[in-house]
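Commentary on secondary and tertiary structure
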Amino acid sequence: MNRELGLLNLICIVAALLFLVLIVVNALTSGDVLSTDNLFITTVGLLMALMFAVNPLLYLKSEGKLPIPFSKKNPSSHAQISSPSSPPPLLDAKGRAVPPDVRALVSQMGQAKTKDA
């Protein structure tokens, strides 16, 4: 799977570079760069290069190999140290944090069961 992913990313990068080369060749060989035809070819070439470059860039971002400039670090990504007196977080079946109102209802039901016992 890793080799296939690497090959597909390589093909996408080569295709993006080919579209960028097409834009440069078009700009150098045409007489009038600001004509409607040349602007259309440039716009389409840039759009196609962007479409092929997005997939490898998103892959690098998901792997953590692409630093994003000017982005704030997410404080939840750092390991949180919980104090021994605080109860463990209450999670639902999918592993998400339970809202405060549901947490209060669960604690009330827990107190009612201990009073009955």
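Reference entry: report on the structure contained in this document. (Residues numbered from 1 in each chain as written. Predicted model: local features only at pLDDT ≥ 70, side-chain atom pairs only at ≥ 80, totals over all residues. Heavy atoms only, no water.)

The subject of this paragraph is helix α2 (residues 36-63). In this model, α2 (28 residues) spans 41 Å end to end at C-alpha, consistent with the 40 Å of a helix rising 1.5 Å per residue. Its maximal kink placed at A53, α2 deviates by approximately 30°, while the proline P56 follows within four residues. For α2, the set of buried residues is N38, G45, A49 and P56. Considering only its buried residues, α2 is in contact with α1 (2-29). (Helix = DSSP H or I, 4+ residues; strand = E, 2+ residues; numbered from the N terminus. Expected span 1.5 Å × (residues − 1). Bend = angle between axes of the 7 residues up to and from the residue. Buried < 20%, exposed > 50% of the residue type's maximum accessible area, 1.4 Å probe, protein only. Contact = heavy atoms within 4.5 Å.)

Before going further, it helps to examine the side chain of S30. When you line up the elements, S30 lands in the loop between α1 and α2. Judged by its relative accessible area of 19%, S30 is buried. Within the structure, S30 has its side chain in polar contact with the side chain of N38 (distance 3.1 Å). (Polar contact = N/O pair within 3.5 Å; in protein donor to acceptor, adjacent residues only side chain to side chain.)

Where α1 meets α2, the closest approach of the two axes is 8 Å, and the angle between their N-to-C directions is 160°. Classified by the angle their axes make, α1 and α2 are roughly antiparallel. Relative to α2, α1 is oriented so that their crossing is left-handed. From α1, N2, L5, N9, C12, I13, A15, A16, F19, L20, I23 and N26 reach across to α2, where they touch N38, I41, T42, G45, L46, M48, A49, F52, A53, N55, P56 and Y59. Classifying every residue of the contact of α1 with α2 gives 16 nonpolar, seven polar and no charged. (Axes fitted to C-alpha atoms, helices over the stretch in contact; angles between N-to-C directions. Parallel < 35°, antiparallel > 145°, perpendicular 65-115°, else oblique. Left-handed = near helix turned anticlockwise from the far one by under 90°. Nonpolar A, V, L, I, M, F, W, Y, C, P; charged D, E, K, R; others polar.)

This part takes up α1. Its 28 residues place the ends of α1 40 Å apart at the C-alpha level, agreeing with the 40 Å of an ideal helix rising 1.5 Å per residue. Within the sequence span of α1, burial applies to N9, C12, A15, A16, I23 and N26. The secondary structure elements touched by the buried residues of α1 are α2.

With that settled, consider the packing of aromatic side chains. Scanning all chains against the criterion turns up one aromatic pair. With 5.9 Å between their ring centres and 15° between their planes, F19 and F52 make a pair best called stacked. In this pair, F19 sits in helix α1 while F52 sits in helix α2, placing the two residues 33 residues apart along the sequence. (Phe/Tyr/Trp six-rings, centres within 6.5 Å; stacked < 30°, edge-to-face > 60°.)

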